[in-house]
Each structure stands twice: as structure tokens, then as C-alpha cells.
Amino acid sequence: MSCVACVNEFPELNRLVEQNKPYKDDIVFISFAFDSKERLKSFLSEKKLDYLVIPDAEDFISDALHVDTYPTHILFDKKGKVVTYVNDVHDLIPALEKLKNKVN
């Protein structure tokens, strides 16, 4: 909620989710947030994000994912292996296309 650059990407991320609906069985869009469920519910009622949002994930973000720069987008393959980290939605799009091409 407090990451302005993250929130600014919401419209483009929502378009990306829409464009990838045909792959809904293969691609899951998830956002991990520092914020509580209650605060997120209120915030997301005003700022639409078509991702599944996981609240209270600060420890997971830093300890398990080792993320300290925001926004960060992580692509995982079907086995849960990290394929790539990118920090901009414009870098996410070609990385996602490359991953989809490997699957098809």
C-alpha cells in the first residue's frame, strides 16, 4: 500500500491478468503484502488489483523470497523454481511470454 511505484503498476498488471485469462490453469498472479487483511480490504476497494493478495507477508517476502526492492515480480515455473526476478512490469511482460513459450 505504501509503495507508490507498486500501486502505479496496478492498471498494467490488471491488463496482464486479463490478457492471460486463457492460461488461468497455468498462470497464477499473486501479490504478497506487508499490510493486514483489514487494511488491504479497504485499500483494494479503492485501488483495483486483479491478483490474489496475501496479507501480513513481510517475513516471507524478506526471508524466503529475499526481496528488498519494490516493486519486484518473481516468475516461478510449475515446479516452484524461480525463473527470474524483475523490477518493472515492462520487464515482466517479455519474461512471462518467454516462460509461456517454454511451456507450449
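Residues numbered from 1 in each chain as written. Predicted model: local features only at pLDDT ≥ 70, side-chain atom pairs only at ≥ 80, totals over all residues. Heavy atoms only, no water.

1. Re the pairing of strand 3 (residues 73–76)
Residues His 73 and Leu 75 line the buried face of strand 3, whereas the alternating positions Ile 74 and Phe 76 sit on a face that is not buried. Between strand 3 and strand 4 (residues 82–86), which pair antiparallel in sequence order, lie 5 residues; one of them, Gly 80, sits at a positive phi of approximately 90°. (Buried < 20%, exposed > 50% of the residue type's maximum accessible area, 1.4 Å probe, protein only. Helix = DSSP H or I, 4+ residues; strand = E, 2+ residues; numbered from the N terminus. Pairing = 2+ DSSP bridges.)

2. Some thoughts on the state of the cysteines
A covalent bond bridging the sulfur atoms of two cysteines is what the word disulfide describes. On inspection of all chains with the given rule, the structure shows 1 disulfide. The disulfide that involves Cys 3 links it to Cys 6, with 2.3 Å between the sulfurs. Judged by the sign of its S-S torsion, about 70°, the bond between Cys 3 and Cys 6 is right-handed. Taken individually, Cys 3 and Cys 6 each receive the classification buried, so the pair is uniform in this respect. (Disulfide = S-S within 2.5 Å.)

3. Describing the confidence of the model for the protein chain
With 98% of its residues at a pLDDT of at least 70, the protein chain reaches an overall mean of 92. For the protein chain, the element scoring lowest by mean pLDDT is helix 5 (residues 89–103), at 87; helix 2 (residues 10–19) scores highest, at 96. (pLDDT = per-residue confidence, 0-100.)

4. Side note on helix 2
Residues spaced three or four apart along an α-helix face the same direction, because each turn holds 3.6 residues. Those residues of helix 2 that fall on the buried side of the exposure criterion are Phe 10, Leu 13, Asn 14, Leu 16 and Val 17. The buried residues of helix 2 occupy one face: seen down the axis, they fall within an arc of 155°. (Arc of directions from axis to C-beta.)

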